[in-house]
Amino acid sequence: MSFPPYPDGLPDEAVAERVQAGQTNRVPRTTSRPVSQILRSNIFTPFNAILTTAMVVVLAMGDWRDSVFALVMVINAAIGVCSELRSKRVLDSVAVLAAPTSQVLRAGKVQTVNNDDLVVDDLVELRLGDQIPADGTVLSTRGLEVDESILTGESLPVKKQVDDQLLSGTAVVAGSGRMWVRQVGADSWAQKITAEARKYSVVTSEIQRAIDRVLKWIMVVLPVVVVLLVWSQTRADAGNWRGAVILAIAGVVGMIPQGLVLLTSMNFGLAAATLSRRGVLVQELPAVEILARVDELCLDKTGTLTTGGIRGQELTVLPGAASEADLAGALGRLTSDETNASATAVQELLRSQAWSATDLPTELTEVPFNSTRKWSALSGANGSWVFGAPEILLANARGDAAEAARQLVAESSSRGQRTLCLSRAGGPIAENQPLPEDLSPQLIAVLSEDIRPDAAETLEYFRSQGVRVRVISGDAPGTVGAIADRLDLGGDGRTLQVVDARTLPEIDTPEFDRATAEVDVFGRVTPEQKRALVRSLQRGGHTVAMTGDGVNDALALKEADLGIAMGNGAPATKAVSRLVLMKSEFSVLPGVVAEGRRIIANMERVSSLFLSKTTYAVMLAVIVSVCGWVYPFLPRQLTFIGALTIGTPAFFLALAPSHRRYHPGFLRRTLWLAVPSGLLMGTGALIVYLLLGEHTEIGQTGATLTLILGALWLLGITARPFNLWRLVLICVMAAGALLGVLIPWTREFFALQWPDPQQWALIGGVGLAISALMEVCYRYTTRFRHEGS
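Since the structure is predicted, the reported quantities are computational estimates derived from the model, not experimental observations.

Our focus in this paragraph is the overall build of the chain. A count of helical and extended segments in the chain gives 28 helices and 21 strands. Scored against the burial criterion, the 789 residues of the chain give a buried share of 57%. Within the chain, contacts between residues at least 6 apart in sequence are counted, and of these 73% link residues at least 24 apart. For the chain, the computed accessible surface area is about 31,900 Å², with 58% contributed by carbon and sulfur atoms.

Right under this line is the structure:
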């Protein structure tokens, strides 16, 4: 065995030398998107490239005023960049507060050190739940077991001996030990694998997926429309190819929903910043949308329904047990490392009992606690002690002591208390073998957990929102069921379905799915079963969120559509989660739901505005190309329409509060409203344009004003239900349109004319007619929009 150069830990001067040499554990993190990526995603987009090209062409060949659409592009990009940079600052600052730390022995003293500040030859103390921060070797061990599934995919824990290798990114699931750090940062061979495992998987955002589909359709249609427009406008305007190009650009600009993608990013970014101020770290921006879509919420009891704090209640010696001194000696040694809350509570109970403890034989071999087998032991040839879950230890026990133990366990479970059993065996106990048949129960330790004061109210909120809540715990089914019943998990006093997970069929089978479909509370669940339960719900077509704080929750958190870790949880759980509740407060989840629902509801509103514009732009481009008419709008006129009926109101609508419940079918509902509305608006504008004069300024003015009237009505439809500020918003936009035609310099800038009374009558009549038809269409298609939702 090799030894570290400083057995008592590195002195300060040695740490400084290694820092100076760059031998630290600091590696690039992706808490939020880097600035370069934010700029690239908001500026260098296909649509911005198209619009920039169009702007250059207009400046080179036409009137500079027709390039004003580029200003909207710049403003939208600036809003997106600024909002995401603001979110990045908040997220990064919160992430600094959440930075993982390790207990490190330096200069003979154990101190807390940020994982980034670890250096080569540091001595790290490892305890249950810790994520191993760097590569190294085991110096000492007390039953140390490590879950290496994040690297190897193998879910069984690996028992570590002195001089064994430890890899960064793995997690301690049993025992404790000390590690000698040998490789840090980029020098760690496991760093790439660990980074991949910790890297945020792609969140399935319905909004982004729907918008991407629309954008792909537009990109397919766009080249065809451009060719048709240039060809038709050259023919319609007697070979004036410069004018034809400008009008073709107008058609292209109209087709592109240039603010929709940026508005989505801005919404996600602002939501993440808002949630971070409430103590919720969003590790991937679209994750705030997912909780609004969740219909199954799986909770780990400890740290979610309960505070995670455990208090010892009593130690009950069973009939025929060994002496108090022997019991104290065995129990004290089995829980001496205090690597979890239960062990700490038992130690406090022992101190309160003031029992004198027998010194146990030194040759007893320690078998550490494991979350899968749910017991720990001291094994010897002449006898062993076992401490763990009563359901396991009392399974085959017989006699008066066993009956007394079962009765005490049942009574405690009915009160929502936890129990642990200390038993004795006549011979040795093997770590990977079944427990012997001759286990004799000696003592029952009764522990209690503190229920979170906000748990009942939060559960009621999710019930009212149609979210099925299930509790998945490694604790005894009776204990978990009693706590869930006290919190009225089922609602209206409904009897809960409680199952011991050890009785479930084999995981990932149809029998497993059927057996778990209607269960409310699962007890004695293994980490593999937690993950299988999440998969089972997903196979049933559900969107699943999972909360947890322990290493045994990490697999399920990674598998869930939305993993939510508690801030005081193990580093391994926070590494694989998309949301981290920094204050470990379950009650903040309704606020996360509200943010997600605000985004979905408001983006549905504004998407209808953007896509109706795309619809009428495509329709006009095709019709004028086929009929050989001059395109009815200049680029600046479409900018005028878009600013008043889409860009400005969409910004305010997207940020407004909304508590509407989520319904599937975002794109379906949006298109059912946007496509008919766009076709009606385009038809009305074309009618007025042709009646007032094709290729005339008054004809363009009439088409512009008709389109604005229809678009304002659509704005009114999407803004429902009305309140004061929404009515004011519509009125301000209408006033802006009127002033744009009334004020001479704006009228001249946008190439408009003031219509005479007869022309106003035509514009108003057609505008009201298409608005009425849109209203009829909206009401008639309501059932289709929600069909299948």
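Cis peptide bonds are those with omega within 30 degrees of zero, and the linkage from Arg720 to Pro721 qualifies with 0 degrees. Tracing the sequence through the fold places Pro721 in the loop between helix 24 (697-718) and helix 25 (724-742). Of note, Ala107 is a non-glycine position whose phi angle comes to about 55 degrees, a positive value. The residue Ala107 is located in the loop between strand 1 (101-106) and strand 2 (109-114) in this model. One non-glycine residue, Asp163, lies in positive phi territory at about 80 degrees. Note on placement: Asp163 falls in the loop between strand 5 (158-159) and strand 6 (165-166). You can call Asp163 partly exposed: its relative accessible area is 36%.

This model, assessed by the stated rule, comprises six aromatic pairs. Judged by centre distance (4.7 Å) and plane angle (35 degrees), the ring pair of Phe640 and Phe750 falls under tilted. Here Phe640, found in helix 22 (residues 635-655), pairs with Phe750, found in the loop between helix 26 (744-749) and helix 27 (757-780); they are 110 residues apart in sequence, far enough to count as distant. With relative accessibility at 14%, the residue Phe750 sits in the buried group. Here Trp754 and Trp760 contribute two aromatic rings whose centre-to-centre distance is 5.3 Å and whose plane-to-plane angle is 70 degrees, an arrangement assigned as edge-to-face.

Averaged over all residues, the pLDDT of the chain is 82; the fraction at 70 or higher stands at 88%. Across residues 193-201, confidence stays below pLDDT 50; counting only partners more than four residues off in sequence or on other chains, it has 16 contacts.

The next thing to look at is the sheet that holds strand 21 (residues 579-581). Sheet strands pair via backbone hydrogen bonds, and the direction of the pair is either parallel or antiparallel. Taken in spatial order, the eight strands make up an open sheet running 8-21-20-19-9-16-18-17, and their pairing is mixed. Because the sheet does not close on itself, it has two edges, and the strands there are strand 8 (280-282) and strand 17 (498-500). The mean inter-strand angle of the sheet, taken between neighbouring strand axes irrespective of direction, is 20 degrees.

Moving on to the side chain of Thr746. As for its position among the elements, Thr746 is in helix 26. Setting aside its immediate chain neighbours within four residues, Thr746 contacts Leu739 and Gly740.

Let us look at the environment of Phe633. In this fold, Phe633 is placed in the loop between helix 21 (589-627) and helix 22. On the basis of relative accessibility, which here comes to 0%, the residue Phe633 falls in the buried class. Between the C-alpha atom of Phe633 and that of Ala248, which follows or precedes it by 385 residues, the distance is 9.8 Å.

Within strand 12 (residues 375-379), five of the five residues are buried, which leaves the element mostly enclosed by the surrounding structure. Burial of strand 12 is two-sided: the residues Trp375, Ala377 and Ser379 facing one way and the residues Ser376 and Leu378 facing the other way are all buried. Where strand 11 (residues 365-367) and strand 12 come together, three bridges link them in antiparallel fashion. Paired with Thr365 across the two strands is Ser379, which belongs to strand 12. Bridge count for strand 12 against strand 13 (residues 384-388) is four bridges, and the pairing is antiparallel. Of the residues in strand 13, the one forming a bridge with Trp375 is Gly388. The antiparallel hairpin formed by strand 12 and strand 13 contains four residues in its connecting segment, where Gly383 sits at a positive phi of about 150 degrees.

Between helix 21 and helix 24, the least distance of the axes is 9 Å, while the angle of their chain directions is 155 degrees. With respect to helix 24, the axis of helix 21 lies roughly antiparallel. In the packing of helix 21 onto helix 24, the handedness of the crossing is right-handed. Across from Arg605, Ser608, Leu609, Ser612 and Tyr616 in helix 21, the residues of helix 24 making contact are Leu707, Leu714, Leu715 and Thr718. In the contact of helix 21 with helix 24, the residues fall into five nonpolar, three polar and one charged.

Quick look at the environment of Asp300 now. Tracing the backbone shows Asp300 in the loop between strand 9 (296-299) and strand 10 (306-317). Distance from Asp300 to Arg470, taken between C-alpha atoms, is 8.8 Å for residues 170 residues apart in sequence. Contacts of Asp300, omitting those with residues within four sequence positions, involve Leu305, Ile472, Ser473, Lys530, Thr547, Gly548, Asp549 and Asp553. Of the polar contacts made by the side chain of Asp300, one reaches the side chain of Lys530; its length is 3.2 Å.

This brings us to a nonpolar patch on the surface. Residues Leu738, Leu739, Leu742, Ile743, Trp745 and Trp754 make up a contiguous nonpolar surface patch of about 610 Å² in total accessible area. Counting residues per element, the nonpolar patch draws most heavily on helix 25, at three residues. Within the secondary structure, Trp745 is located in helix 26. The class of Trp745 is exposed, set by a relative accessible area of 61%.

With respect to the secondary-structure elements, Phe3 resides in the segment before helix 1 (12-20). Considered as a pair, Phe3 and Asp121 are 118 residues apart in the sequence and their alpha carbons are 9.9 Å apart.

Below, the discussion takes up the packing of helix 15 (residues 455-464) against helix 21. Helix 21 packs onto helix 15 with a crossing angle of 30 degrees between their chain directions and a minimal axis gap of 10 Å. Classified by the angle their axes make, helix 15 and helix 21 are roughly parallel. Between helix 15 and helix 21, the contacting residues are Thr458, Tyr461 and Phe462 on the first element and Leu589, Pro590, Val593, Ala594 and Arg597 on the second. Grouping the constituent residues of the contact of helix 15 with helix 21 by class yields six nonpolar, one polar and one charged.

The next subject is the pattern of salt bridges. Here the structure, examined in full by the defined rule, presents 25 salt bridges. Close ionic contact of Glu518 with Arg468 constitutes a salt bridge, the shortest N to O distance being 3.7 Å. In this pair, Glu518 sits in the loop between helix 17 (510-516) and strand 18 (521-523) while Arg468 sits in strand 16 (residues 468-472), placing the two residues 50 residues apart along the sequence. Taking relative accessible area as the criterion, Glu518 reaches 52% and is therefore assigned exposed.

Calculation criteria
- Residues numbered from 1 in each chain as written.
- Predicted model: local features only at pLDDT ≥ 70, side-chain atom pairs only at ≥ 80, totals over all residues.
- Heavy atoms only, no water.
- Helix = DSSP H or I, 4+ residues; strand = E, 2+ residues; numbered from the N terminus.
- Buried < 20%, exposed > 50% of the residue type's maximum accessible area, 1.4 Å probe, protein only.
- Contact = heavy atoms within 4.5 Å.
- Areas by Shrake-Rupley, 256 points an atom, 1.4 Å probe, with all protein chains shown as cover.
- Phe/Tyr/Trp six-rings, centres within 6.5 Å; stacked < 30°, edge-to-face > 60°.
- pLDDT = per-residue confidence, 0-100.
- Pairing = 2+ DSSP bridges.
- Axes fitted to C-alpha atoms, helices over the stretch in contact; angles between N-to-C directions.
- Parallel < 35°, antiparallel > 145°, perpendicular 65-115°, else oblique.
- Left-handed = near helix turned anticlockwise from the far one by under 90°.
- Nonpolar A, V, L, I, M, F, W, Y, C, P; charged D, E, K, R; others polar.
- Polar contact = N/O pair within 3.5 Å; in protein donor to acceptor, adjacent residues only side chain to side chain.
- Patch = residues over 30% accessible without salt bridge, like charges linked within 9 Å, V, L, I, M, F, W, Y side chains within 5 Å.
- Salt bridge = Lys/Arg side-chain N within 4 Å of Asp/Glu carboxyl O.

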